[in-house]
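Residue-level structure breakdown
Each chain, letter by letter, is given below.
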There are 2 protein chains.
Amino acid sequence: MKQKPTLKVIAKELDVSVSTVSKALRDSKEIGEETKRKVKAFAKLYNYRPNNIALSLKNKKTKTLGVIIPEIVHHFFTTVISGIEHYANDKGYNVIVGLSNESFKKEVINLEMLANGSIDGFIISVAKETLSFKDFHHLSETIDQGIPIVMFDRVIDDIECDKVIVDDVKTSAKAVQKLIDGGCKNIGIISTKDYVSVGRLRTEGYKNALNANHIEIQKSRILKIDDKFNSDDNIEFLEEQIYTYFEENEVDGLFAVNELYAITAMKVARQKGLTIPDDLQVIGFTDGVLSKHAFPPLTTISQHGFEMGEESAKLLIDRLENPNEDEEPFKTIVVKTDIIDRETTKLHNPKK
Amino acid sequence: MKQKPTLKVIAKELDVSVSTVSKALRDSKEIGEETKRKVKAFAKLYNYRPNNIALSLKNKKTKTLGVIIPEIVHHFFTTVISGIEHYANDKGYNVIVGLSNESFKKEVINLEMLANGSIDGFIISVAKETLSFKDFHHLSETIDQGIPIVMFDRVIDDIECDKVIVDDVKTSAKAVQKLIDGGCKNIGIISTKDYVSVGRLRTEGYKNALNANHIEIQKSRILKIDDKFNSDDNIEFLEEQIYTYFEENEVDGLFAVNELYAITAMKVARQKGLTIPDDLQVIGFTDGVLSKHAFPPLTTISQHGFEMGEESAKLLIDRLENPNEDEEPFKTIVVKTDIIDRETTKLHNPKK
DNA sequence: ATGAAAGCGCTAACAT
DNA sequence: ATGTTAGCGCTTTCAT
């Protein structure tokens, strides 16, 4: 087992001083050609690499980003992480991932654990519990300490920081409009409770579209699923709620704020003997594996998670590397969305 | 913006020495009660937290694990990460995630980037390209430098280190046996090229099961998909290969080495007018979202990714924290698998 | 052209 | 009971 060499051992071995070695390796003109050559050769031979930790301590920056998300077994979030990694690695940054598991407490712990020097800045999508508690002190304190935060997707209006979102209201309206154009008369929505910003905004878009078409909004057609935690563990509960919804509402068009809700609704609808898209048209939000491989393949809104990740990383790294970061006003980037036409809607022929 | 306080500023503020502060905070009995109280109160007031980087440099360990996986937009891998995070966080470790994107070069870069002090050890699932190149120098060198590696799922026999796997051969045989018991006469397999260890082993299990039942092995029924890279980007290509396969083979039972292959095969089969499970029974490997929400829900093998993650983290942390780590023999943990009965097979009534 | 020394934040052995 | 010092690995200023 050969230990990683340090400047010190190289110095001793070559009988020069540590600083000479350091300078030689960084090609300082203070050092003589001959010495440089010797040092470099030796360093290469022993595969010298500067110790990141020492550099971090010296430079007071770690070149690593902390990403805190509610769950990782989730297509959208992993897509975002991909985008973050892609941009970050390109700029020489590493990525530490922390999972809040939708829990306020875990989010706080993760934040604190990493805020003590481990990372230069955060990219975060806030836990549902945090959103419902409306307790954001950990976030504002972090920012107060000079550690920049970029929020994406699940965002807090009251906190001043860079944000990357999707225009949930407009996008949802577009989706509902598509349902209307496709001939749906009775359109419902499966959303989340209002404290989840994206749920609230998407519901707003749904209402806007109905209003714009002079269709009366019926409260009973708005189902707000209450899943504080990972809904994937709780399919039965979800199915039940949707089942009841179908009992009480006769809809021929359905907009779901995520693909799981959409897929589950389709399953329940099928059980009730409905044919998709003939009896019921469905549009989901977030283009994940489920949508693509569903039966029938689900028409859905692509959120471009990869791009959101890239934009978030860019925003954060820009702020970190910009000398007068404090003066830069905070930006909110709105990433565009697309409707991916598949086979659960009637208008336009599905392309493939 | 209030800066994080250091021991130094606390010391100056309280007019004592840095070491006194340090000791007081760690409740050393060398320090007087009165001073301790004062220091602690001050520290709490200013929300003092020791700087992780400084600790890392001092202790020569970072309390963070490096996880390198081929892709993150992938249910199995994220499940494993969840397990790793769960165990690691519990033990006070953080997790840095690096993506190889199935590329040899990116795997090497990631490894080197993190091996310079950023992490204490690696958990890795090897990229397909690395497997096909058979170039493992980066892995052996890392181990040589005293940085322990735990491999999971895609594992290299020639490298000595801790490993966490599934008994691919036996599990696959069990799956194929189930098909046989369910009345299938002509059973095929959709696997990967042999350099992917899990593909090779699962194919072996398939053959074993056929042999054990005195069923002749027909080479044409073994389809080895050649997707060096992320197959999710390449669905058409996959569909084509499977389509051709169905043209050339008449099978009534199909074992697929991952859920994507299974789902895609089901889709193609449906296009050809086959009914599942009446005309064709299917079993997949890896229980992901796709399987659960497929139509019909896919009978599949659960690999217990979360547990694999936990076991990997445990193996790694044990080795890191065990004083005489070098002497411990390397372990290979075989995580058990289960067949999850759903609706693409006939034997046994699906439970839910 | 080379080296000594200070310092990043912290701990711990060793004074006092 | 408290302080001084050295050191983790590196960079950089300031001698020489």
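Note that this is a predicted model, so its numbers are computed, not measured.

What follows concerns the protein's contact with DNA strand D. Every one of the 27 residues lining DNA strand D counts as a neighbour, but Tyr48(A), Ser19(B), Lys23(B), Lys58(B) and Lys60(B) are closest to it. Atoms of DNA strand D within 4 Å of the protein belong to the sugar or the phosphate in 56% of instances, the rest to bases. Arg26(A) is positioned with one of its side-chain polar atoms (N or O) 3.3 Å from a phosphate oxygen of DNA strand D. Taking Lys58(B), its side chain carries an N or O atom lying 3.1 Å from a base nitrogen of DNA strand D. Mapped by element, the contributors of at least two residues to the surface near DNA strand D are helix H1 (7-14), helix H2 (18-25) and helix H4 (52-59) of chain A together with helix H2 (18-25) and helix H4 (52-59) of chain B.

Residues and elements named next belong to chain A. Where helix H6 (residues 104-115) meets helix H8 (residues 137-144), the closest approach of the two axes is 10 Å, and the angle between their N-to-C directions is 15 degrees. Classified by the angle their axes make, H6 and H8 are roughly parallel. Of the two possible hands of crossing, H6 and H8 adopt the one that is left-handed. Residue-level inspection shows Phe104, Glu107, Val108 and Leu111 of H6 in contact with H8, the latter providing His137, His138, Leu139 and Thr142. Partitioned by chemical class, the residues of the contact of H6 with H8 number 4 nonpolar, 3 polar and 1 charged.

Moving on, we come to unusual backbone geometry. Backbone phi values are negative for most residues with the exception of glycine, while trans is the configuration of most peptide bonds. Residues and elements named next belong to chain A. Looking along the chain, the bond that leaves Ile276 and enters Pro277 is cis, with omega of 5 degrees. In this structure, Pro296 follows Phe295 across a cis peptide bond, with omega equal to -10 degrees. In this structure, Pro296 sits in the loop between helix H13 (289-293) and strand E10 (299-302). For Asp15, which is not glycine, the phi dihedral falls at a positive 60 degrees. Note on placement: Asp15 falls in the loop between H1 and H2.

To continue, consider the protein's contact with DNA strand C. In the vicinity of DNA strand C, 28 residues are found, and the nearest of them are Thr20(A), Lys23(A), Lys58(A), Lys60(A) and Tyr48(B). If you look at DNA strand C and keep only atoms within 4 Å of the protein, 62% of those are sugar or phosphate atoms. The separation between a phosphate oxygen of DNA strand C and a polar side-chain atom of Arg26(B) is 3.3 Å. A distance of 2.5 Å separates a phosphate oxygen of DNA strand C from a polar side-chain atom of Tyr48(B). Broken down by secondary-structure element, the contributors of at least two residues to the surface near DNA strand C are H2 and H4 of chain A together with helix H1 (7-14), H2 and H4 of chain B.

About the thresholds
Residues numbered from 1 in each chain as written. Chains lettered and ligands numbered in written order. Predicted model: local features only at pLDDT ≥ 70, side-chain atom pairs only at ≥ 80, totals over all residues. Heavy atoms only, no water. Near = heavy atom within 4 Å. Polar contact = N/O pair within 3.5 Å; in protein donor to acceptor, adjacent residues only side chain to side chain. Helix = DSSP H or I, 4+ residues; strand = E, 2+ residues; numbered from the N terminus. Axes fitted to C-alpha atoms, helices over the stretch in contact; angles between N-to-C directions. Parallel < 35°, antiparallel > 145°, perpendicular 65-115°, else oblique. Left-handed = near helix turned anticlockwise from the far one by under 90°. Contact = heavy atoms within 4.5 Å. Nonpolar A, V, L, I, M, F, W, Y, C, P; charged D, E, K, R; others polar.

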